[in-house]
Amino acid sequence: MSENEQFQPRIAAFLCNWCSYGAADLAGVSRLQYPPNIHVIRIPCTGRMSPKFILQAFRQGVDGVWVSG
Amino acid sequence: MDLDKCIACGACSDKCPKRIPNEYNEGLDKRKAAYVRYAQAVPLKYGIDAENCIYFQKGKCKACQKFCPTGAVNYDQQEEVRDIKVGSVIISAGFKPFDPTPYVQYSYANFPNVVTALEFERILAASGPWMGHLVRPSDEAEPKKIAWIQCVGSREVNTCDHPYCSAVCCMYAIKEAVIAKEHSHTDLDAAIFFMDMRTFGKDFERYYEGAQEDGVRFIRSRIHSISELEDRSLQIEYATEDGQARMETFDMVVLSQGLETAPETIELCQKLDINLSPGKFISTSCFEPVTTSRPGVYVCGALAGPKDIPLSVMEASAAACAAAGKLSSARGSLAQEQEFPEERPVAGDIPRVGVFVCSCGINIAGVVDVEAVAEYAKTLPYVTYVRNNLFSCSQDTQDKMAEVIAEEGLNRVVVAACTPRTHEPLFQETLVNAGLNKYLFEMANIRNQDSWVHSGDPAAATEKAKDLIRMAVAKAALLAPLQEVQLEVTPGALIIGGGVSGMNAALNLAAQGYTSHLVERDNALGGNARSLRVTAQNQPIAPYLDELRERIEAEPLITVHLNTTLKEGEGFVGNFKTTLAGDSGEEVVEHGVTLICTGAGEYKPNEYLYGQDPRVMTHLEIDQAVLGGELDLSEVNKAVFIQCVGSRDPERPYCSKVCCTHSVESALAIKEANPEAQVVILYRDIRTFGERELLYKEARSKGVLFVRYDLEHKPEVKATDDGLLVTVRDHVLDRDLLIEADLIGLATAIVSNRSNDLAQMFKIPMDSDGWFLEAHQKLRPVDFATDGVFMAGLAHYPKPLEEAVAQAQAAVARAVTVLSSKEMMLPGTVAFIDQRKCVGCGVCWTVCPYQAITQDDKGLAVVNEALCKGCGTCVASCRSGAPNLRGFTNQGVMAQIMAL
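This is a predicted model, so every value here is computed, not measured.

## Some words on the overall build of chain B
So, step 1. Counting its secondary structure elements, chain B contains 23 helices and 43 strands.
So, step 2. The C-alpha radius of gyration of chain B comes to 31 Å, within 12% of the 29 Å expected for a compact globule of 900 residues.
So, step 3. In terms of overall dimensions, chain B has a C-alpha envelope of 100 × 80 × 60 Å along the principal axes.
So, step 4. Considering only contacts in chain B between residues 6 or more positions apart, those separated by 24 or more positions represent 70%.

Given below as structure tokens:
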């Protein structure tokens, strides 16, 4: 990476349908702006969050995993 | 604004040139004349504020109409007056926060850093004027010291004439202080100036204690004045409990404003001929807490007296129950059955995925290159059809999509548009109309979570839309059609506990036309209320209980089981089966819903000479003795009441809520019977919340003495030759008082029955104090996470009789939502177990929060689909990979991740 190029992490976000996913929608309604390098996967509950999902996301090359619920 | 056409894109607001103070943020920032009041509005539709709109006021502008992509702006709309025929009316007009502007003593109007609690609420909110950053209005600097002043517009008759307590301000002030500390970048010094701390609700006392541990300062005081310093900080002069004058400077002051009824609501009530209470709330009886003086008109929420959210929600269901009772014969008479085409079998077919990319007018297409995205979608595996819609949710597009699904033989559908949280049901209905199972659907959220939040970077937003569609398609290809299980509903209830809550529940269910079994372990109905003398409105309780018993006896829909306990229970919503054990042997009862009304008990202390001296009695014992004629209050000359006996201590860190009012009632009854009697109440905080404060005031005016003590210096009781002697440390005089007594009343705690068997039988949780734990403390106060089980009364938390009645009515309203359908459909997104992989280790049934998994006769796990809520905790926890979750399968989520 050159010095001018800032590190842009790719982030996979697993968001609970009932809270954080709704909050992400609300951020849209409020037109809050954030960087596009975050991809949301909707899950029915953070209880659904299998460790395998996190490992697979890293294997897929993401730099960070965010689980929220 | 044409609500059918508005897609809430916000273009009107964006282009509107008129800026006015935003009332949602209490005027702390600005909004446009074309606006949506707040981001969470339902339905999410914009409106035009004609009073501030340039076109309406000056005849020119129309910017919003010009830029609206759907033609929703219509300036010709007129106010319509419509007549609606109804059988009942519910008034839920709420309260108005007390406005301190006209009162000089609060210094609100002149000092910018004196804010109301509601303004502070908006300052703390992420959707507020400073996005949740803690700042003070004068210079937008972060305050390091904030003071809250309690009872602003409450418990005050000198100028603003509100003698009542507003019941919610202590709790919200603590909450604001705690959250402010969390938002602060420094170690915020938060101080609450109060008279009595009234944290009487469920888990509130713990919250109060937690705040003290977090360093929030609680200063028992009276405020003298607030003055402003040169740097706009504020100097508070106050008097402490022991009469010392003190002074302290704060960066900001929050006024904990009370609740009052709006003048226009008072006018409405007068127009409707509805009686108001002294505090100008709608007056109701303790026995019928949601019924107004006008037949057929019901009330709920803070309009019937100051109250918090849980109780308002409870009353809302109660009012629905009361309002529907008389109308039950008309239930369903206006409902229409919908018909759907037969479902096309697709199992085993190669996936044919149709992708619909929505432009949402310019909402998506204005940022995302939808055509490029649609082209890209065509290249994805299994995608056989792609189409770009201008508005996917419009009716004509829906019809077109149904046609396309049939014509193209699509068997999976992906819509890339807004959010599944609002639009999934709509598109699923389109699938059903096209003969496709509704679970063969997936959404890609390219508006709320893409175009709207990355509007400054169209190229990246377009790439992200492609990613999201690729992920959705990968999951969609693996979707399977799911079946929804249909359950028959047994149209009757089991009510456990025959106290005031259980009796009211049975009668209200009967009024709605449903049968119930009312089970009581004692030999008579009535519960704790049999030992109670009067309500907080001084209405005698015994005749009320007699009337309830008579009505129950005369009611053919109610079967009473006395001397009966529960032996075992099984089943789930709609289909419970419970074995009762009574005098005449065992009986199996089938019921669709279960109402837990098991009540609570009275704490029996081992202090203050209780049990050793007959003149030391508990509340219920005094009431019972008066009712039974063994105690004549006119013969009481010197009475002392000791509050918080067994409550608010380390063993029971909760407030029992009813005892302050009860002692005040008893004190007043003694004063009534013998005006010369000396009555002293030893208290820690007097918690006569709401209009009960008037009783407290009356007691003081009649000469009842109130002496405060604290937990470190509890009163002591001694028996002497002349009678009982109570020693207590007085905080005002700072010395010990010796008080003689011929009667000591102990305000003992209300304690849980700790019915563990019941908790297990009906799969309902209990908190550490032994109270049953509702599905959501604020929003679902009578439901459990387990469907079909509801609760009312003291089993939930200590409460006065009127709240128990309201909760019973609320539980009935909730129960009727189950009982009123002959059968119910369960969602298809539930867990299932592949028993070939199951080893019966038990992890899944241990972690299942709904106790939906049991062990079958082979020792392996099996899911009860009626109990499963589809959370997937079992799937994540199993080491053998035996469980899977329909709709969110391991394979489906993995496919999504691999398409990242």
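## So, the domain arrangement of chain B
Residues and elements named next belong to chain B.
So, step 1. The assigned domain composition of chain B is domain 1 (11–79), domain 2 (96–260), domain 3 (353–475), domain 4 (602–751) and domain 5 (828–898).
So, step 2. Here the C-alpha centre of domain 4 lies 32 Å away from the C-alpha centre of domain 2.
So, step 3. Contact residues are listed per partner, giving 16 residues for domain 2 and 18 residues for domain 4.
So, step 4. Classifying every residue of the side of domain 2 that touches domain 4 by side-chain character gives 6 nonpolar, 2 polar and 8 charged.

## Concerning the interface of chain B and chain A
So, step 1. Between chain B and chain A, the contact holds 35 residues from the first and 31 residues from the second.
So, step 2. Those elements that place two or more of their residues in the side of chain B that touches chain A are α11 (420–433), α12 (447–451), α13 (458–476), α22 (873–877) and α23 (890–898) of chain B.
So, step 3. Top contributing element to the side of chain B that touches chain A by residue count: α23(B), with 5 residues.
So, step 4. Along the lines of polarity and charge, the residues of the side of chain B that touches chain A split into 17 nonpolar, 13 polar and 5 charged.

## A look at helix α5 (residues 169–183) of chain B
So, step 1. Taking 1.5 Å per residue as the helical rise, α5(B) with its 15 residues ought to reach 21 Å, and the 20 Å between its terminal C-alpha atoms agrees with that figure.
So, step 2. Structurally, α5(B) contributes buried residues whose contacts are with α4 (117–124), β8 (145–152), β9 (189–194), α6 (204–213) and β13 (252–257) of chain B.

## Concerning the sheet that holds strand β11 (residues 234–240) of chain B
Residues and elements named next belong to chain B.
So, step 1. Strand order in the open sheet formed by 7 strands is β7-β13-β8-β9-β10-β11-β12, and the pairing between neighbours is mixed. Every interior strand has two partners, whereas the edge strands, β7 (114–116) and β12 (245–250), have only one. Strand-to-strand twist across the sheet, computed as the mean angle between neighbouring axes with direction ignored, equals 40 degrees.
So, step 2. Pairing of β9 with strand β10 (residues 217–228) involves 4 bridges; the strand directions are parallel. By the bridge assignment for β10, F194 is matched with R220.
So, step 3. Lying on the sheet, α4 is in contact with β7 and β13; it crosses β13 at an angle near 120 degrees.

## Focus: the environment of B:I764
All names here are of chain B.
So, step 1. Summarising the element assignment, I764 is placed in the loop between α19 (756–761) and β38 (789–791).
So, step 2. Between the C-alpha atom of I764 and that of D783, which follows or precedes it by 19 residues, the distance is 10.0 Å.
So, step 3. Other than its neighbours up to four places away in sequence, I764 contacts I596, A759, F772, F784, T786 and V789.

## What to know about the packing of helix α8 (residues 309–325) of chain B against helix α20 (residues 801–819) of chain B
Axes are the key here: two packed helices are described by the angle between their axes and the distance separating the axes.
Residues and elements named next belong to chain B.
So, step 1. Packing of α8 against α20 leaves a shortest axis separation of 7 Å and a crossing angle of 65 degrees. For the pair α8 and α20, the crossing hand works out as left-handed. Side by side, α8 and α20 meet where L311, M314, E315, S317, A318, A320, C321 and A322 of the first sit next to E803, A806, Q807, Q809, A810, V812, A813 and R814 of the second.

## Observations regarding the confidence of the model for chain B
Caution applies to low-pLDDT parts of the model: their predicted coordinates are not meant to be read in detail.
So, step 1. When the pLDDT values of chain B are averaged, the result is 95; 100% of them are 70 or greater.
So, step 2. Reported confidence for the predicted complex is 0.96 by ipTM and 0.89 by pTM.

## Here's the deal with the nonpolar core
Nonpolar side chains tend toward joint burial in soluble globular proteins.
So, step 1. Grouped together as the largest cluster of nonpolar side chains are 173 residues, with contacts concentrated most on B:L595, B:A811 and B:A815.
So, step 2. By size, the runner-up hydrophobic cluster in this structure holds 67 residues, among which are B:C64, B:L431, B:L436 and B:A476.

## So, the packing of helix α10 (residues 395–408) of chain B against α11(B)
Residue and element names in this part refer to chain B.
So, step 1. Axis separation between α10 and α11 bottoms out at 8 Å; the angle between their running directions is 45 degrees. Relative to α11, α10 is oriented oblique. Handedness of the α10/α11 crossing: right-handed. Contacts from Q398, M401, A402 and I405 in α10 reach T430, L431 and N433 in α11.
So, step 2. Each residue belonging to the contact of α10 with α11 can be placed in one class, and the counts come to 4 nonpolar, 3 polar and no charged.

Cut-offs used in this document
- Residues numbered from 1 in each chain as written.
- Chains lettered and ligands numbered in written order.
- Predicted model: local features only at pLDDT ≥ 70, side-chain atom pairs only at ≥ 80, totals over all residues.
- Helix = DSSP H or I, 4+ residues; strand = E, 2+ residues; numbered from the N terminus.
- Rg over C-alpha atoms; globule rule 2.2 N^0.38 Å.
- Contact = placed C-beta atoms within 7 Å.
- Domains from an automatic or database assignment.
- Nonpolar A, V, L, I, M, F, W, Y, C, P; charged D, E, K, R; others polar.
- Expected span 1.5 Å × (residues − 1).
- Pairing = 2+ DSSP bridges.
- Axes fitted to C-alpha atoms, helices over the stretch in contact; angles between N-to-C directions.
- Left-handed = near helix turned anticlockwise from the far one by under 90°.
- pLDDT = per-residue confidence, 0-100.
- Core = buried A, V, L, I, M, F, W, Y, C linked by C-beta atoms within 7 Å.
- Buried ≥ 20, exposed ≤ 12 C-beta atoms within 10 Å, placed from the backbone.
- Parallel < 35°, antiparallel > 145°, perpendicular 65-115°, else oblique.

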